[in-house]
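Below are the chains, spelled out letter by letter.
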Amino acid sequence: MGQKLTRTAQLFLVFDLTRTKLPAERLEPLLAKTAVASLLLVTDASRPTPVEILQPLVTTGQQHGCAVLIANDASLAKKLSADGVHLSPGDQPLVDRYTEARETIGNNAIVGIDANGSRHDAMALAEAGADYIAFGLDSFEGDEQQARDRQHEQIAWWAEIFEPPVVALDVIDNEMSRDLAAVGTDFIARTLPAGLSTAELQEWLIATHEALNAATQCD
């Protein structure tokens with residue numbers, strides 16, 4: 001095959017509110033400094049985060065050009081006027097889970113879903129209309145390196161053949177970011193670290209972004 005055009009993977013920033021309570025006024029300078037394509041807000045389903053905390057985060061993200069997604073709650077995403085919902089595997093079949101979320105949030109919103117490591121489900125979800133397909137480490141059995149290898153293999157397969165964007169979940173460092181970006185990953189999901197100052201978070205984001213820019217896709 002000939003050489004493909006180089007493309008840069010975009011940052012899919014995961015803000016886990018079960019680990020950190022970073023307020024919107026501290027999020028704003030981070031997004032002002034570094035381009036973030038998508039911002040995923042993760043909340044504790046057993047102890048829902050109040051809307052008055054979530055809404056400023058959604059607004060701040062959107063003001064800086066982020067597609068703001070809510071994890072696993074299409075109704076909440078609609079209530080907050082977020083851009084969409086990200087779905088993790090659950091008790092329901094994945095296509096049913098996607099269909100239910102789509103019916104709740106509407107056709108103009110983003111509905112992306114973790115395919116749970118299944119090629120069959122990934123293809124079925126794309127056919128159903130999912131806006132992106134995600135592959136994470138937790139879907140694959142074995143030790144960490146085996147899980148990384150399987151994720152790498154699945155993402156390379158998807159990026160080579162299919163049109164819907166692919167998201168790499170559970171990316172833990174910049175080396176992993178570069179490796180996954182190099183095989184055609186459209187979005188690299190990195191979780192915002194807890195316990196850092198605003199300046200430290202800015203440095204982390206800059207380094208994360210530089211790792212994505214350093215990776216090229218060739219075949």
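What counts and what doesn't
- Residues numbered from 1 in each chain as written.
- Predicted model: local features only at pLDDT ≥ 70, side-chain atom pairs only at ≥ 80, totals over all residues.
- Heavy atoms only, no water.
- Helix = DSSP H or I, 4+ residues; strand = E, 2+ residues; numbered from the N terminus.
- Buried < 20%, exposed > 50% of the residue type's maximum accessible area, 1.4 Å probe, protein only.
- Polar contact = N/O pair within 3.5 Å; in protein donor to acceptor, adjacent residues only side chain to side chain.
- Contact = heavy atoms within 4.5 Å.
- Axes fitted to C-alpha atoms, helices over the stretch in contact; angles between N-to-C directions.
- Parallel < 35°, antiparallel > 145°, perpendicular 65-115°, else oblique.
- Nonpolar A, V, L, I, M, F, W, Y, C, P; charged D, E, K, R; others polar.
- Phe/Tyr/Trp six-rings, centres within 6.5 Å; stacked < 30°, edge-to-face > 60°.
- Lys NZ or Arg CZ within 6 Å of the ring centre and 35° of its normal.
- Salt bridge = Lys/Arg side-chain N within 4 Å of Asp/Glu carboxyl O.

Draft legend 1. Inspection of the side chain of Q154 at higher detail. Turning to its location among the elements, Q154 is positioned in helix α6 (residues 144-161). Taking the relative accessible area as the measure of exposure, Q154 reaches 1% and is therefore buried. From its side chain, Q154 meets the backbone oxygen of G117 in a polar contact 2.9 Å long. At 2.5 Å, the side chain of Q154 and the side chain of R119 are in polar contact. Look past the residues within four positions of Q154 in its chain and what remains in contact with it is G117, R119, F135 and F140.

Draft legend 2. Examining the packing of α6 against helix α7 (residues 174-182) more closely. Contact geometry of α6 with α7 gives a least axis separation of 9 Å together with a crossing angle of 30°. In terms of orientation, α6 lies roughly parallel with respect to α7. From α6, R148, Q151, H152 and I155 reach across to α7, where they touch M176, D179 and L180. Here the contact of α6 with α7 is composed, by residue class, of 3 nonpolar, 2 polar and 2 charged.

Draft legend 3. The arrangement of the packing of aromatic side chains in detail. Summed over the entire model, instances satisfying the criterion amount to 4 aromatic pairs. Their ring planes at 80° and their centres at 5.9 Å tell us that F12 and Y132 sit as a pair that is edge-to-face. Here the residue F12 occupies a position in strand β1 (residues 10-16), and Y132 occupies one in strand β6 (residues 132-135), the gap between them amounting to 120 residues. Across the pair, Y132 and F12 agree in class, each one buried. With 5.1 Å between their ring centres and 70° between their planes, W157 and F162 make a pair best called edge-to-face. You can call F162 partly exposed: its relative accessible area is 25%. An aromatic cluster is built from W157, W158 and F162, whose rings are joined through pairwise contacts. Sitting above the plane of the W157 ring, R119 keeps its charged end 4.5 Å from the centroid.

Draft legend 4. Spotlight on the environment of G129. With respect to the helices and strands, G129 occurs in the loop between α5 (119-128) and β6. Note on G129: relative accessible area 31%, which makes it partly exposed. Distance from G129 to N107, taken between C-alpha atoms, is 9.5 Å for residues 22 residues apart in sequence. Sequence-distant contacts of G129, defined by excluding residues within four places in its chain, comprise Y98 and R102.

Draft legend 5. Structural context of the environment of M176. Summarising the element assignment, M176 is placed in helix α7. You can call M176 buried: its relative accessible area is 3%. Remark: the alpha-carbon pair of M176 and R148, spanning 28 residues in sequence, is separated by 8.6 Å. Ignoring any residue separated from it by four or fewer positions in sequence, one finds M176 in contact with L137, R148, Q151, D170 and V171.

Draft legend 6. Broad picture of unusual backbone geometry. One non-glycine residue with positive phi stands out, namely N72, at about 65°. Turning to its location among the elements, N72 is positioned in the loop between β3 (67-71) and α3 (74-79). N72 sits in the partly exposed class, given a relative accessible area of 36%. Positive phi, close to 60°, is recorded for N116, a residue that is not glycine. Within the secondary structure layout, N116 lies in the loop between β5 (110-114) and α5.

Draft legend 7. Broad picture of the pattern of salt bridges. Inspection of the entire model under this criterion finds 5 salt bridges. Where R148 meets E144, a salt bridge forms, and the shortest distance between an N and an O atom there is 3.4 Å. Here the residue R148 and the residue E144 both occupy positions in helix α6, the gap between them amounting to 4 residues, near one helical turn. Here the salt bridges do not stand alone but share partners, grouping R119, R150 and E153 into one network.

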